[in-house]
Amino acid sequence: MKRKFLKPLAFIAFFSTFTAAHAEDSKVLTRTVLSGVGAKSLLNVAEADAKRRGMKVSIAIVDGSGRLLAFIRMDDSQSGTDETAIKKARTAALYQSRGKVLAERVSQNQAFLTTLPGITAVPGSAPVMSGQYVIGAVGVSGATDDLDDAVATNTATSFRP
């Protein structure tokens, strides 16, 4: 008589464990995180590109949540570019968009964007993607809008996790 109930009980135990495991899976996301080495790699690429273009800028690399991971103020750049580069990078990470795109939207009568917390809607930043997720961003400040944007965009799009 005991043997009759073992198979159904084993099935119930297996099924409840399987269901619990899948229920837990849906409560947690696994994402790629930008490492310190990855941030330094991005910084080096951006700095080399800026030097090649004759730029004297500040460059900031942030993680996906906008926290600073790497930074450089190139020789002879304006000291005011420090915070701007960081703010640009944070904006790209937090709002998952290039600064140039946000600036264009503001100029197209979407000024409400300037009221969003922590936004700096100006060219010179780009998110760094891993699949569909933003894992970081690059912010460049100190040259023209077009040059800042080109370095940030080229750096972000060339990154391979």
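In this report, we go over the structure that sits alongside the text. (Residues numbered from 1 in each chain as written. Predicted model: local features only at pLDDT ≥ 70, side-chain atom pairs only at ≥ 80, totals over all residues. Heavy atoms only, no water.)

So, the side chain of Glu47
Let me state the cut-off plainly: Going along the chain from the N terminus, every DSSP run of H or I of four or more residues is numbered as a helix, and every run of E of two or more is numbered as a strand. Burial classification: accessible surface area is computed with a 1.4 Å probe over protein chains only, and a residue below 20% of its type maximum counts as buried, one above 50% as exposed, and the rest as partly exposed.
Along the chain, Glu47 turns up in helix α2 (residues 36-52). The class of Glu47 is buried, set by a relative accessible area of 17%.

Description of the environment of Thr81
Rules: Only heavy atoms enter the contact rule, under which two residues are in contact if any of them lie within 4.5 Å.
Mapped onto the elements, Thr81 comes out in helix α3 (residues 81-95). As a C-alpha pair, Thr81 and Lys56 span 25 residues in sequence and 9.9 Å in three-dimensional space. The contact partners of Thr81, leaving out residues within four places of it in the chain, are Ser58, Ser141 and Gly142.

Quick look at the packing of α2 against helix α5 (residues 145-158)
Keep this limit in mind: Axes here mean lines fitted to C-alpha atoms, for a helix over just the part in contact, with angles spanning 0 to 180 degrees between N-to-C directions. Orientation categories follow fixed angle ranges, with anything under 35 degrees roughly parallel, anything over 145 roughly antiparallel, 65 to 115 roughly perpendicular, and all other angles oblique. Handedness of a crossing follows from how the near helix is turned relative to the far one, being left-handed for an anticlockwise turn of less than a right angle and right-handed for a clockwise one. Only Asp, Glu, Lys and Arg are considered charged, only Ala, Val, Leu, Ile, Met, Phe, Trp, Tyr, Cys and Pro nonpolar, and every remaining residue, Gly among them, polar.
Running from N to C, α2 and α5 point in directions that differ by 140 degrees, and their axes come no closer than 9 Å. In terms of orientation, α2 and α5 fall into the oblique class. As for the relative orientation of α2 and α5, their crossing is right-handed in sense. Facing α2, whose interface residues are Leu42, Val45, Ala46, Asp49 and Ala50, α5 presents Ala150, Val151, Asn154, Thr155 and Ser158. For the contact of α2 with α5, the residue count by class is 6 nonpolar, 3 polar and 1 charged.

Description of the sheet that holds strand β2 (residues 68-73)
Let me state the cut-off plainly: Only strands joined by at least two bridges in the DSSP assignment are considered to pair.
Spatially, 4 strands are ordered β2-β1-β4-β3 in an open sheet, and the strand pairing comes out antiparallel. A single partner strand is all that each edge strand has here, and the edge strands are β2 and β3 (125-130). Ignoring which end each strand starts from, the neighbouring axes of this sheet average 15 degrees apart. Sheet analysis places β3 next to strand β4 (residues 133-141), joined by 6 bridges and oriented antiparallel. Paired with Val128 across the two strands is Gly136, which belongs to β4. Of the strands in this sheet, β1 (58-63), β2, β3 and β4 are in contact with α3, which crosses β4 at around 155 degrees.

Describing α3
Selection rule: To estimate the expected span of a helix, count its residues, drop one, and scale the result by 1.5 Å.
An ideal rise of 1.5 Å per residue puts 21 Å on 15 residues; α3 measures up with 21 Å between its terminal C-alpha atoms. Along α3, the residues classified as buried are Thr81, Asp82, Ala85, Ile86, Lys88, Ala89, Thr91, Ala92 and Ala93. The inward-facing, buried residues of α3 contact β1, β2, α4 (99-107), β3, β4 and α5. Positive phi shows up at Gln96, right after α3, with a value of about 50 degrees.

Some thoughts on the nonpolar core
Let me state the cut-off plainly: Note on terminology: a nonpolar core comprises buried Ala, Val, Leu, Ile, Met, Phe, Trp, Tyr and Cys residues joined through side-chain atoms within 4.5 Å.
By size, the foremost hydrophobic cluster in this structure holds 21 residues, and its most contacted members are Ile59, Ile61, Val138 and Val140. If you list the elements that add at least two residues to this core, you get α2, β1, β3, β4 and α5. Val140 has contacts with Met55, Val57, Ser58, Ile59, Ala85, Lys88, Gly124, Asp148, Val151 and Ala152, leaving out every residue within four places of it along the chain. Of all hydrophobic cores here, the second largest spans 9 residues; its members include Ala60, Ile86, Ala89 and Ala92.

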